[in-house]
Amino acid sequence: TIVNRGISGDTGLKILARMDGILATKPKTALVMFGINDIYNGVPVERILQRYDQIISILEAQRIKVVIQSTLACSGHICGEKLNQVYALNSGLLKIAKQRRLKYVDINKGLSDRTGLRRDYSRDGIHLNGEGYATWYAMLRPYIKS
């Protein structure tokens, strides 16, 4: 069973506030990815990384396997300088994953190019379309037990 706890417009702070509800689903594995909404709300990358660290600590305290996903890049022509913040966040996430010996899935390898989210995977340069979701799922499939 897969339980999606992502909410449109969600931020790290909002996720922290509802961790009890997330833990109530009793997950064995948590595929964690957030950050773009934080960036759009002006949250500094360092604070986003601190919130990742808090969320991971809560999950691991419950013996939940954590898989960190890179934050999905937006299209550079849409989000401009924010794309560099996404890259900085993803660099920090990779460091967290290495330090904590967690799996890290760089979803941007399959969905983005040097200018950000590929146009064929998104209508608006921020959100995935059906083909984008299918590509993302294929990257996550190895981490989802059947």
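Before reading on, note that the structure itself is shown above.
Attention here is on the structure that accompanies the text. (Residues numbered from 1 in each chain as written. Predicted model: local features only at pLDDT ≥ 70, side-chain atom pairs only at ≥ 80, totals over all residues. Heavy atoms only, no water.)

Quick look at the state of the cysteines now. Tallied over the entire structure, the rule returns one disulfide. Put simply, cysteine 74 and cysteine 79 are joined by a disulfide, and their sulfur atoms are 1.9 Å apart. In this structure the cystine formed by cysteine 74 and cysteine 79 twists about its S-S bond by roughly 85°; its chirality is therefore right-handed. Across the pair, cysteine 79 and cysteine 74 agree in class, each one buried. (Disulfide = S-S within 2.5 Å. Buried < 20%, exposed > 50% of the residue type's maximum accessible area, 1.4 Å probe, protein only.)

Next up on the list: the pattern of salt bridges. Scanning the entire structure with this criterion turns up four salt bridges. Among the salt bridges present, the one from aspartate 53 reaches arginine 100, with a minimum N-O distance of 3.0 Å. Residue aspartate 53 is located in helix H4 (residues 45–61), and its partner arginine 100 is located in helix H6 (residues 82–100); the two are separated by 47 residues in the primary sequence. Residue glutamate 60 pairs with arginine 100 through a salt bridge whose shortest N-O separation is 2.6 Å. Of this pair, glutamate 60 sits in helix H4 while arginine 100 is found in helix H6, placing the two residues 40 residues apart along the sequence. Looking at arginine 100, the relative accessible area reads 24%, which means it is partly exposed. Here the salt bridges do not stand alone but share partners, grouping Asp53, Glu60 and Arg100 into one network. (Salt bridge = Lys/Arg side-chain N within 4 Å of Asp/Glu carboxyl O. Helix = DSSP H or I, 4+ residues; strand = E, 2+ residues; numbered from the N terminus.)

Our focus in this paragraph is the packing of H4 against H6. Where H4 meets H6, the closest approach of the two axes is 10 Å, and the angle between their N-to-C directions is 35°. Here H4 runs over H6; the crossing is right-handed. Along its contact with H4, which presents Val45, Ile48, Leu49, Tyr52, Asp53, Ile56, Ser57 and Glu60, the element H6 presents Gln85, Ala88, Leu89, Gly92, Leu93, Ile96 and Arg100. The residue inventory of the contact of H4 with H6, partitioned by class, reads nine nonpolar, three polar and three charged. (Axes fitted to C-alpha atoms, helices over the stretch in contact; angles between N-to-C directions. Left-handed = near helix turned anticlockwise from the far one by under 90°. Contact = heavy atoms within 4.5 Å. Nonpolar A, V, L, I, M, F, W, Y, C, P; charged D, E, K, R; others polar.)

You can see glutamine 69 is positioned in strand S2 (residues 65–69). On the basis of relative accessible area, glutamine 69 is assigned to the buried category, the value being 2%. With sequence-adjacent residues up to four places away left out, glutamine 69 is seen in contact with Leu31, Val32, Met33, Tyr52, Leu93, Tyr104, Val105, Ile107, Trp136 and Leu140.

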